[in-house]
Amino acid sequence: MMCATCKGKGMCGLPQCPVLKRFHAQARTAPVREFMGYSPSLFIGSYGYPRVAGGPLLIDDADNPPSWVASGLGIEDIVDIRARTIRGMSHVTPYLPALQELAISSIPLDVEVRFTRPVSFDLTFDGTVAPVGLSGSLERMKVIDNPKVDPSVDRVISDTDLGAMGACSELHQSGIDVYQISGLMSGGLIGRRRKVVPTRWSITAVDDSVSIALKQKIARYSSIDHIRVFSNDLYANRIIVVLLPGDWRYEMIERWGPRSLWSGEKESITVDREGMKKKGYSPISGAYYSARLAVAEYLEATRQCARVIVIRNVSADYWAPLGTWVIREVARGAMNKPGIPCETVDEAVTIAGMASGFPGWGSYSTLLPEIRNQRTLFDFRF
Amino acid sequence: MLKATIDADILKESIDAISALVTECRLHTDENGISTRAVDTANVAMISLLLKKEAFSSFAATRSELGIDIAKMKNIFGMMAKNDMITLELTDDIHKLQVSFQGYKYSITLLDENTIRKDPNPPTIELPGKVAIPGAELNSAIKAAAVVSDKIALGIDAAKQIFFMAAEGDTDHIRREFGKDEVSFINGVEAKSLFSLDYMKDMGKVMSRAEEVEIHLGIDHPAKFSFNIAGGNGHVEYLLAPRIEAD
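Please read these numbers as outputs of a predicted model, since none were measured by experiment. (Residues numbered from 1 in each chain as written. Chains lettered and ligands numbered in written order. Predicted model: local features only at pLDDT ≥ 70, side-chain atom pairs only at ≥ 80, totals over all residues. Heavy atoms only, no water.)

(A) Structural context of the pattern of salt bridges. Inspection of the entire model under this criterion finds 41 salt bridges over all chains. Its salt-bridge partner being Arg249(A), residue Asp247(A) comes within 3.1 Å of it at the nearest N-O pair. We note that Asp247(A), like Arg249(A), is buried. Each of Asp247(A), Arg249(A), Arg273(A), Arg307(A), Glu370(A) and Asp198(B) takes part in salt bridges that share partners, so that together they form one network. (Salt bridge = Lys/Arg side-chain N within 4 Å of Asp/Glu carboxyl O. Buried < 20%, exposed > 50% of the residue type's maximum accessible area, 1.4 Å probe, protein only.)

Shown next, in the form of structure tokens:
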């Protein structure tokens, strides 16, 4: 069951991911050679790194997942928007200044683009990045608007002595959302030794960097008093967050239900956890870091510390991989709800089981037995 | 008020002992020395540390309380050499600790004591089984156990007069027994409890430096690890709550 871990990275060695190939479906090609309109952000591919290709995303949409969720778009609507999106591609270097303007701007910019050939339909999905439908090789690109730059973005990108991790955390603290931070990282605008970073890598790098910084702060707060279970459900992704009293521990259990995207006839379950330090890359991949970010944001905002178990249960109705932003936004949505208080760990396990539609999750957790079995000093007479 | 000079190594040893469990603590000073007692966020482990005035090369203090950011101290003291002499100075009116060594002068802002958890009560748990073992031996057994499992059993077999440490993983098992020739049995009564290696590993690193660690054990009860630091002029006690496996 490698698919659930790989999510289209090509670990099986096949030239094209057989799961993602299913989406090479209906083309509604509008074979334009020129585009005049808005570009909300840039896209850098990971193929052939470090000689990567990249360019602007071209669509009359803000490329901002929280707004898709807020306006109640369904999977079909999002795939539809993304299918109309054009990804201009070229060697990055000649267009880098223009792409960086897109990255630093907090609003989409008006651009004029000419392609070498009419754009072709090439709907690509990927576990981490939101899908894109059309692509074309850039012949010319001109940014017409002036970018609107947030003062904190201006400050951080001008600081060449600030490391990339510090930059991510500082931007996040100033209220810049991770979506723009990952654009800045992709455009090679933050850090000491600046490089263009493929979009799918920068998404997870930003999630990770921001939540590592949050984690250090959270570890100093006092623990929550009561167990709470949070849940949310969107695009057939159910996310349950169980917060338990104690020091920072984080565990994520991801279940791809039978016949869902990355599993076969049988369900596929991946578990990973961490304490204050995390070794290596999570087998759950980007989703692990996106969910961790959402929970860490909540704990930092409420100035509390907790042990965290995140359960993600994905059913077959999640028919198109939309990107890790789904996990981030579903988990953020869960943490925005009041949550259900629980008296005991067992009660929390039952409630989380019902809410997630995955009643047997407890047996996969390694943190749970630790919590159940570990006594505190106050259990003994002092 | 505090004005003291101390060897860098001793101060580092003390800070390391505290930082194994907590990131901040309240330090109490009086004319006899400094002390602290703190419980970790999860209420699983406690440290009590005492540094007598004899551990310092010069010491003068009145009764006061300092909120110390242990994590920050650890970073600062990372650059000290082994035999540097460090001067600590605190005046009553400012909330800053002056630390000077090697010609550097640090001014460290203290934490507001009210933001740090209250001191726990001194423990009064009765733990009958007592053995004493070299700290290095204890630490190697902990490291060995961590390879196969996340928990370790500590116990005394009263009939055989054996002190044992055992870890059970999903597939592997490791056991180290110490006989009379390796440990001294102060009170060799039957005892056995299970402990989280997450905590034991951090504590083990600190204890590895101690010549002798006194371990107090019960049956499914906390364990107490008690050892000297600063060449006998200081003392540390760790108390660790057990894990109890439901069958």
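(B) Layout of the sheet that holds strand β2 (residues 24–30) of chain B. Residues and elements named next belong to chain B. Read from one edge of the open sheet, nine strands run β6-β2-β3-β4-β18-β17-β16-β10-β14, paired in antiparallel fashion. Edge positions in the open sheet fall to β6 (64–69) and β14 (184–187), since each of these has one partner strand only. Neighbour-to-neighbour, the strand axes of this sheet turn through a mean angle of 20°, independent of strand direction. Bridge analysis of strand β10 (residues 129–133) against β14 gives three bridges, and the strand direction is antiparallel. By the bridge assignment, Val131 is partnered in β14 with Phe185. Strands in contact with helix α1 (residues 8–19) are β2, β3 (33–39), β4 (45–52), β17 (223–229) and β18 (234–240); relative to β4, the strand with the most contacts, it is inclined by about 160°. (Pairing = 2+ DSSP bridges. Helix = DSSP H or I, 4+ residues; strand = E, 2+ residues; numbered from the N terminus. Axes fitted to C-alpha atoms, helices over the stretch in contact; angles between N-to-C directions. Contact = heavy atoms within 4.5 Å.)

(C) Representation of helix α4 (residues 75–84) of chain A in the model. Listing the buried residues of α4(A) in full gives Ile75(A), Ile78(A), Val79(A), Ile81(A), Arg82(A) and Ala83(A). Looking at the buried positions of α4(A), the neighbouring elements they touch are β3 (53–58), α3 (65–70), β6 (120–124), β7 (132–143) and α11 (325–336) of chain A.

(D) Molecular detail of a positive patch on the surface. A cluster of basic side chains, namely Lys277(A), Lys279(A), Lys143(B), Lys201(B) and Lys205(B), defines a positive patch on the protein surface. The residue Lys279(A) is located in the loop between β11 (268–274) and α10 (286–302) in this model. Its relative accessible area of 80% is what places Lys279(A) among the exposed residues. (Patch = residues over 30% accessible without salt bridge, like charges linked within 9 Å, V, L, I, M, F, W, Y side chains within 5 Å. Areas by Shrake-Rupley, 256 points an atom, 1.4 Å probe, with all protein chains shown as cover. Lys, Arg positive; Asp, Glu negative; His and termini not counted. Charge placed at Lys NZ, Arg CZ, Asp CG, Glu CD.)

(E) Up close: the nonpolar core. In terms of nonpolar packing, the biggest core is built from 95 residues, with Leu243(A) and Leu322(A) touching the most fellow members. Per-element tally for this core: the top contributor is α10(A), with 10 residues. Not counting the four nearest positions on each side in its chain, Leu243(A) is found in contact with Ile224(A), His226(A), Ile227(A), Arg228(A), Phe230(A), Val295(A), Tyr298(A), Leu299(A), Ala306(A), Arg307(A), Val308(A) and Met335(A). With 84 residues, the next largest nonpolar core counts Phe56(B), Ala145(B), Leu154(B) and Phe227(B) among its residues. (Core = buried A, V, L, I, M, F, W, Y, C linked by side-chain atoms within 4.5 Å.)

(F) Structural view of the side chain of Ser186(A). Residue and element names in this part refer to chain A. Of note, Ser186 is situated in helix α8 (residues 178–186). Residue classification places Ser186 among the buried residues on the basis of a relative accessible area of 2%. Side-chain polar atoms of Ser186 contact the backbone oxygen of Val197, separated by 2.9 Å. One polar contact links Ser186 to Ser202, side chain to side chain, over a distance of 2.9 Å. (Polar contact = N/O pair within 3.5 Å; in protein donor to acceptor, adjacent residues only side chain to side chain.)

(G) Highlighting the domain arrangement of chain A. Residue and element names in this part refer to chain A. Each assigned domain of chain A is listed here: domain 1 (14–143), domain 2 (151–218) and domain 3 (227–380). On a C-alpha basis, the centres of domain 1 and domain 3 stand 32 Å from each other. If you look at the interface, domain 1 gives 22 residues, while domain 3 gives 14 residues. Regarding the contact of domain 1 and domain 3, the summed buried area is about 1,500 Å², with carbon and sulfur atoms giving 75% of it. Remark: the boundary between domain 1 and domain 3 carries zero salt bridges. Linking domain 1 with domain 3 are two residue pairs in polar contact (both at pLDDT 80 or more), by the criterion used here. Taken together, the elements giving at least two residues each to the side of domain 1 that touches domain 3 come down to α2 (18–21), α3 and α4. Tallied by class, residues from the side of domain 1 that touches domain 3 come to 16 nonpolar, three polar and three charged. (Domains from an automatic or database assignment. Buried area = accessible area lost by both parts, 1.4 Å probe. Nonpolar A, V, L, I, M, F, W, Y, C, P; charged D, E, K, R; others polar.)

(H) Quick look at the state of the cysteines. The full count for this structure, using the stated rule, is zero disulfides over all chains. Looking at Cys25(B), it has no disulfide partner, and the nearest cysteine sulfur is the one in Cys305(A), 18 Å off. What makes Cys25(B) buried here is its relative accessible area of 1%. (Disulfide = S-S within 2.5 Å.)

(I) Here's a closer look at the sheet that holds strand β7 (residues 85–90) of chain B. All names here are of chain B. Strand order in the open sheet made by the five strands is β5-β1-β7-β8-β9, with antiparallel pairing throughout. The open sheet has two edge strands with one neighbour each: β5 (58–61) and β9 (104–109). Taken pair by pair, the neighbouring strands of this sheet meet at an average axis angle of 20°, ignoring direction. Pairing of strand β8 (residues 96–101) with β9, which is carried by six bridges, proceeds in the antiparallel orientation.

(J) Spotlight on the interface of chain B and chain A. With 32 residues of chain B at the contact, the number on the chain A side is 20 residues. Interface of chain B and chain A: buried area, both sides summed, is about 2,000 Å²; carbon and sulfur atoms make up 56% of it. Taken together, the links from chain B to chain A amount to three salt bridges. Its salt-bridge partner being Asp198(B), residue Arg249(A) comes within 3.2 Å of it at the nearest N-O pair. Those elements that provide at least two residues to the side of chain B that touches chain A are β4, α4 (197–207) and β18 of chain B. Residues belonging to the side of chain B that touches chain A are distributed by class as follows: 16 nonpolar, seven polar and nine charged.

(K) Looking closely at the domain arrangement of chain B. Residues and elements named next belong to chain B. Looking at the assigned domains, one finds that chain B contains domain 1 (2–111) and domain 2 (129–240). Taking only C-alpha atoms, the centre of domain 1 and the centre of domain 2 are 27 Å apart. Counting residues at the interface gives 21 residues for domain 1 and 16 residues for domain 2. Linking domain 1 with domain 2 are one salt bridge. When the shortest N-O distance is used, the salt bridge between Arg209 and Asp9 registers 3.6 Å. At the surface where domain 1 touches domain 2, the tally comes to seven residue pairs in polar contact (both at pLDDT 80 or more). Secondary structure elements with two or more residues in the side of domain 1 that touches domain 2: α1 and β4. Per-element accounting of the side of domain 1 that touches domain 2 gives the leading share, eight residues, to β4. Among the residues making up the side of domain 1 that touches domain 2, the classes are represented as 13 nonpolar, two polar and six charged.

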